[in-house]
Structures are given as C-alpha cells and as structure tokens.
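Structural features, examined
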Amino acid sequence: MSKRKILSTRPLFPAARSILDQHFDVEYRQPGERISRAELLKGVADKEGLICLLTEKVDEELLLAAPRLRIAATVSVGFDHIDVDACTRHKVVATHTPGVLDDTTADFAWTLLMAVARRLIEGDEWMRSGTWPGWDLDQLLGADVWGKTLGIMGFGRIGRGVARRAQGFQMRILYSDAVRAPADVEKDLHAEYVDRDRLFREADFISLHVPLLPDTRHLIRKENLEKMKPTAFLINTSRGPVVDEAALADALEHKRIAGAALDVFEAEPKVNPALLGRKNVILTPHIASASVETRTKMAIMAANNVVACFEGRRPPNALNADALGLK
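Residues numbered from 1 in each chain as written. Predicted model: local features only at pLDDT ≥ 70, side-chain atom pairs only at ≥ 80, totals over all residues. Heavy atoms only, no water.

**Quick look at the sheet that holds strand 5 (residues 93-95)**
Threshold: One bridge is not enough; two strands pair if DSSP finds at least two bridges between them. A run of DSSP states H or I qualifies as a helix once it reaches four residues; a run of E qualifies as a strand once it reaches two. Both are numbered from the N-terminal end. A fitted line through C-alpha atoms represents every axis, and for helices the fit uses only the stretch in contact; the resulting angles, taken between N-to-C directions, go from 0 to 180 degrees. Any pair of residues with heavy atoms lying within 4.5 Å of one another is described as a contacting pair.
A sheet is described by the order of its strands in space; here five strands give the open sequence 2-1-3-4-5, paired in parallel fashion. Two strands lie at the open edges of the sheet, namely strand 2 (24-28) and strand 5, each paired on one side alone. For this sheet, the mean inter-axis angle between neighbouring strands, taken without regard to orientation, is 15°. Inspection of the sheet shows strand 1 (residues 4-8) paired to strand 2 by five bridges, in the parallel sense. Looking across to strand 2, one finds that Arg4 is bridged to Phe24. Along the sheet, helix 1 (residues 14-23) contacts strand 2 and strand 3 (49-52); its crossing angle with strand 2, the most-contacted strand, is approximately 135°.

Here it is as structure tokens:
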C-alpha cells in the first residue's frame, strides 16, 4: 500500500525525519534552499500533508492548488501566515508548535535586554577593530538593570517566563494584557497589572510578548513611544509588525528613548534602513527560539501532529480540529 505524500519546505532535523519517514513518503527541500511561491504551489499539488515555516503562506490560493491536502503543520508557535478559516472551509487541519519554545525565547529576550542596556555589541565591535585605547572611567556607559522597572506587554507563557527571570535582578514588574493573570500568578511573580499607558510611562525596559492582532499591530507607534522615558529601552521578540519601525527610528533619532533590541521585523527579512546604522539598536535575525534542543522539539511536534492526523486522532496542537471532525 502506497504511503501518503507529504511536502516539507525545509530539510528538518533527523529526529523529526525519522518519525515522518516511518509513515509517509516525504519530499524534503535540500539544506539552504528556500522554496519559492511557484515551487510551493507546484510541490503541494499532489500532497496530503504540508510541513512549513512562517515564511510560507497557507492561504486560499495554496488550498485551491492542493485539493488532496488534509493538514498544514507549521514549525512555529505563530500562525498568522496561515488562514485558519480558509483551512477549515477546505477541510484542512492547521497545527502549530506552542509551549516548547517558551523558556528559550524568554532567555533570549533577556539576552537582548542585557546586551542593549550594557552596550555589549558596541564593546565587541570596538575590541575587534583594534582601536580600543585601554580602560577609562566614562567608556561605553550603559544602564543598570538591577532594581529597575520592567514592563511586559503580553503576559502569557513567555511573558511570565521573562518576569520570572527578572526576579533575580530585584526588578519591579509591571504587565499589561487583554486578560489579567490570576492573583496567585501575580503574587508568585511579584507582577502588577497596569494599563498600557502606565506601563509606557513607568517602565525602564519594555519587553513585547503579544500575538499579532489588529489591536497589537503597530502597538509601538509614535504616540506610545512619546510616553516612554528617554532612558527606556524596547525589546521585541514577539512579532515584527507590532513595532512601527519608522516611528521607532524617529524616536531613537530624537532621543525619545535610549535604545532598542529587535529580533523580529515588519517586512522580514528586510529591516527599516533607518535602524541599520544606529549603535543603540541591536538587530538579530529572528533567532529567539534558535537553540538546537528547541528547534528540534518544534520539528518533532510538527511531525507528530501530521502522524496523529492521518491516524484519525486529533493532532496535539490543532488550531481547527473540527475541520476533519477529529476528537
């Protein structure tokens, strides 16, 4: 009996491939290859399953091009590249990989926070240039982190992980979210629920951990940047369009805030050119979850979602299991 055909837009890791190869006939892209839109539409035409990343859109066009498709499994926690409603209409289950990257992303948010506060990248560049003249009293003065106020936008699993790490720095923690956390969570994390305006006004560091929704698109815009302290720093490991990059560049140019560290961008892989030359900005290529352990676990989760679907079970991380009537 022939195996079901699956398209994976990336080569994946050996542990995930071993799961898939037991059950399916899988077409993998080669390492370093990025699949074009035309190649994707052609490749998925005769497939029953698709494993993709957030760089590939699963929309009406793709679903029409893939009449046999039954599952679209993204190796990411975010799924704004997937039209879930369209998937449901076409009886395609959409899945993602939540939870597994929470601590890794929280770690990286702290990496960026510390690096931008203490001007780490500038110091590294100075040493590599061979022009450092030796120690002096006022070289590369940054900002203390200990005892400062941390504002967390979005208090889900990652936001709470960031708050947990902040306790080691004796920080005052403010958070804002559409839904207030339970009282025991606030007590455990020493976190105070406040509205967005107060968070913007009082925080020395603002770390973004919100999903991309109409309400959060350009959450960081001119009017909110103007509420921030001129000594404050912004860190974004959530979604690129949450930040209006042009407004951020203008705020930095006019010293309305002290600095920013971004791991995600409005129009990836492009970055607003006005940010590129700024020494008080750290830019990283969407690597908050990029540890060997975490990325491997994400790929395994996607593989297990596909296996569950074709075994007639509800995929563990289904966004619309009702699309196939799975229980």
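Moving on, there is more to tell.
**Details of the pattern of salt bridges**
Pairs can form between side chains of opposite charge whenever their charged atoms are close. Note the cut-off: Any carboxyl oxygen of Asp or Glu within 4 Å of a side-chain nitrogen of Lys or Arg constitutes a salt bridge here. For each residue, the accessible area found with a 1.4 Å probe, counting protein chains only, is set against the maximum for its type, and the residue is called buried under 20%, exposed over 50%, and partly exposed in between.
Using the criterion set out here, one finds 28 salt bridges in the structure. Note that Glu27 and Lys47 form a salt bridge whose closest N and O atoms lie 3.0 Å from each other. Within this pair, whereas Glu27 is found in strand 2, its partner Lys47 is found in the loop between helix 2 (37-43) and strand 3, the two being separated by 20 residues in sequence. Accessibility expressed as a relative area gives 36% for Glu27, which makes it partly exposed. Taking relative accessible area as the criterion, Lys47 reaches 5% and is therefore assigned buried. Across the salt bridge formed by Arg239 and Asp80, the nearest N and O atoms sit 3.1 Å from each other. One end of the pair, Arg239, is in the loop between strand 10 (233-236) and helix 11 (245-253); the other, Asp80, is in the loop between strand 4 (71-74) and helix 4 (84-89), with 159 residues separating them in the sequence. The exposure class assigned to Arg239 is buried, which follows from its relative accessible area of 16%.

**Remarks on the packing of aromatic side chains**
The test is simple: Put simply, two rings from Phe, Tyr or Trp (the six-membered ring, in Trp's case) pair if the centres are within 6.5 Å, and we call them stacked under 30 degrees between planes, edge-to-face over 60, tilted for the rest.
All chains considered together, the criterion is met by five aromatic pairs. Taking the centre distance of 5.3 Å and the plane angle of 55° together, the rings of Tyr175 and Tyr193 count as tilted. Of the two residues, Tyr175 is situated in strand 7 (residues 172-176) and Tyr193 in strand 8 (residues 191-193); the sequence distance between them amounts to 18 residues. Aromatic side chains Phe205 and Phe233 sit 5.4 Å apart centroid to centroid with 15° between the ring planes, which places their arrangement in the stacked category. Placement of the pair is Phe205 in strand 9 (residues 205-208) and Phe233 in strand 10, with a sequence separation of 28 residues. There is no split in this pair, since Phe205 and Phe233 are both buried. Members of the aromatic cluster, each reached through a chain of ring pairs, are Phe155, Tyr175 and Tyr193.

**With respect to the sheet that holds strand 10**
The seven strands are arranged 8-7-6-9-10-11-12 in an open sheet whose pairing can be described as parallel. Looking at strand neighbours, the two that pair on one side only are strand 8 and strand 12 (281-283), the edges of this open sheet. In this sheet, adjacent strand axes meet at a mean angle of 15° when their direction is disregarded. Against the sheet, helix 7 (residues 157-166) makes contact with strand 6 (149-153), strand 7 and strand 9, and its axis sits at roughly 170° relative to strand 6, the strand it touches most.

**Some details on the nonpolar core**
The condition is simple: Buried Ala, Val, Leu, Ile, Met, Phe, Trp, Tyr and Cys residues that are joined via side-chain atoms within 4.5 Å together make up what is termed a nonpolar core.
Core analysis: the largest hydrophobic core is formed by 56 residues, its most contacted members being Leu20, Ile51, Leu150, Phe155, Phe205 and Val306. For this core, the element with the highest residue contribution is helix 5 (residues 102-117), accounting for nine residues. When neighbours within four sequence positions are excluded, Leu20 is seen to be in contact with Leu12, Val26, Tyr28, Ile51, Ala303 and Val306. One finds Ala232, Ala260, Leu262 and Phe265 within the second-largest nonpolar core, a separate group that totals 29 residues.

**Here we look at the side chain of Glu186**
Relative to the helices and strands, Glu186 resides in helix 8 (residues 183-189). Take Glu186: its relative accessible area is 11%, and that puts it in the buried class. The residues touching Glu186, leaving out its near neighbours within four places in the chain, are Tyr175, Arg180, Ala181, Ala191 and Tyr193.

**Here's the deal with the packing of helix 1 against helix 13 (residues 292-310)**
Note the cut-off: By definition in this entry, angles of less than 35 degrees are roughly parallel, angles greater than 145 are roughly antiparallel, angles of 65 to 115 are roughly perpendicular, and the rest are oblique. Note on convention: near helix rotated counterclockwise from far helix by under a right angle means a left-handed crossing. Clockwise means right-handed. Throughout, the ten residues Ala, Val, Leu, Ile, Met, Phe, Trp, Tyr, Cys and Pro are labelled nonpolar, Asp, Glu, Lys and Arg are labelled charged, and all others, Gly among them, are labelled polar.
Contact geometry for helix 1 and helix 13: axes closest at 8 Å, N-to-C directions at 15°. Regarding the angle of helix 1 to helix 13, the classification is roughly parallel. For the pair helix 1 and helix 13, the crossing hand works out as left-handed. Counting all contacts with helix 1, which are made through Ala15, Ala16, Ile19, Leu20 and His23, the residues of helix 13 involved are Thr296, Ala299, Ile300, Ala303, Asn304, Val306 and Val307. Its residues assigned to classes, the contact of helix 1 with helix 13 comprises nine nonpolar, three polar and no charged.

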